[in-house]
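Residue-level structural notes
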Amino acid sequence: MCIRDRVIVGGNGTIWTYKMQEWTNRSVSGWDLLDVSFLDSERGIAVGEQGTILFSDDSGESWDYRDAPTEASSSRITDVEFFSEIRAYAITADGGVIKSSREINTAVGFLWNMQYFESEGGSANLGEDLTSIEIATTNKFLLSGKQGYLSMSKDGGNIVTRQTTPLDNSTSFNDITMMDSFNGVAVGSNGSLLLTERSGEDEQIGFEVMDFSEFGNFRNPAFLMTPLAPSSDKKSHNLEILFA
């Protein structure tokens, strides 16, 4: 289940909206929904299993299906970011990125295309188990995934560069949240927490472990890592970090 902007999405097309201190069922028939993102109080996008993409322009009261790219028509679309009037991005669990751009007479969110990665030889698949996408600017985004995967693109997805971390590949990163174009947080399994002041980017070391004993001596570390106490059941948890 995912909750965003007072809209809940879940299994079997479940959608609930909250308004005037009351929850209303807006569910549609279909596959499990995994994420939802609103650009403003009216326009939102929900995504889910089997290439499901839904669009609403009335605060979630009604939803229309949108066609996923052929390559993603049977994929689990696990995360979506309705970033601006001209751009929205989503990811598939099997390593794909899809995006929607405003065209001359077509608003963003209606037409979706697969992103082909120049850094992967023109492939539409990064070969990673992706868990989240976070948009920093119109063309700059970060990706998280399993097996210690954190990456960044500065050109809308043509070149995707994996970032160096102080953690081994047993860490599964679950989510990234950016406060602005440079400052952000990534969270992962076993209580892992990474902080960045430069979108995780560094020419040599993308991530660096924070040593609290020398807190005043840092010189622009790209990513700092703060360990949290792992949960007693040792399970990984998805965390959503919201900034006021």
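Computed from a predicted structure; not experimentally measured. (Residues numbered from 1 in each chain as written. Predicted model: local features only at pLDDT ≥ 70, side-chain atom pairs only at ≥ 80, totals over all residues. Heavy atoms only, no water.)

Structural notes on the overall build of the protein
Counting secondary structure elements, the protein contains 0 helices and 21 strands. Within the protein, the proportion of its 244 residues that are buried is 48%. Long-range contacts, defined as pairs at least 24 residues apart, comprise 43% of the intrachain contacts of the protein with a sequence gap of at least 6. When the accessible area of the protein is evaluated, it comes to approximately 12,500 Å², of which 47% is carbon and sulfur surface. (Helix = DSSP H or I, 4+ residues; strand = E, 2+ residues; numbered from the N terminus. Buried < 20%, exposed > 50% of the residue type's maximum accessible area, 1.4 Å probe, protein only. Contact = heavy atoms within 4.5 Å. Areas by Shrake-Rupley, 256 points an atom, 1.4 Å probe, with all protein chains shown as cover.)

Details of the sheet that holds strand β10 (residues 87–92)
As summarised here, the arrangement of the 4 strands in space is β9-β10-β11-β12, forming an open sheet in which the pairing is antiparallel. Whereas interior strands pair on both sides, the edge strands pair on one side only; in this sheet they are β9 (77–82) and β12 (113–114). In this sheet, strand β11 (residues 97–101) lies alongside β10 in antiparallel orientation, the contact comprising 5 bridges. By the bridge assignment, A88 is partnered in β11 with S100. (Pairing = 2+ DSSP bridges.)

Examining the packing of aromatic side chains
Remark: the centre distance and the inter-plane angle together describe each pair of aromatic rings, the angle taken between the planes. In this structure the tally under the stated criterion is 5 aromatic pairs. Each ring, one from Y18 and one from W23, has its centre 4.8 Å from the other, and the planes form 50 degrees; the classification is tilted. According to the relative accessible area criterion, W23 is partly exposed, its value standing at 39%. Aromatic pair F55 and F82: ring centres 6.3 Å apart, planes at 50 degrees, arrangement tilted. Linking F55 in strand β7 (residues 53–56) with F82 in strand β9, this pair joins segments that are 27 residues apart in sequence. Note on F55: relative accessible area 5%, which makes it buried. Among the aromatic residues, ring-to-ring pairing joins F55, F82 and F110 into one connected group. (Phe/Tyr/Trp six-rings, centres within 6.5 Å; stacked < 30°, edge-to-face > 60°.)

Structural notes on the sheet that holds strand β16 (residues 160–162)
In space, the 4 strands of this open sheet follow the order β13-β14-β15-β16, with antiparallel pairing throughout. Edge positions in the open sheet fall to β13 (130–135) and β16, since each of these has one partner strand only. This sheet shows a mean twist of 25 degrees between the axes of neighbouring strands, independent of strand direction. (Axes fitted to C-alpha atoms, helices over the stretch in contact; angles between N-to-C directions.)

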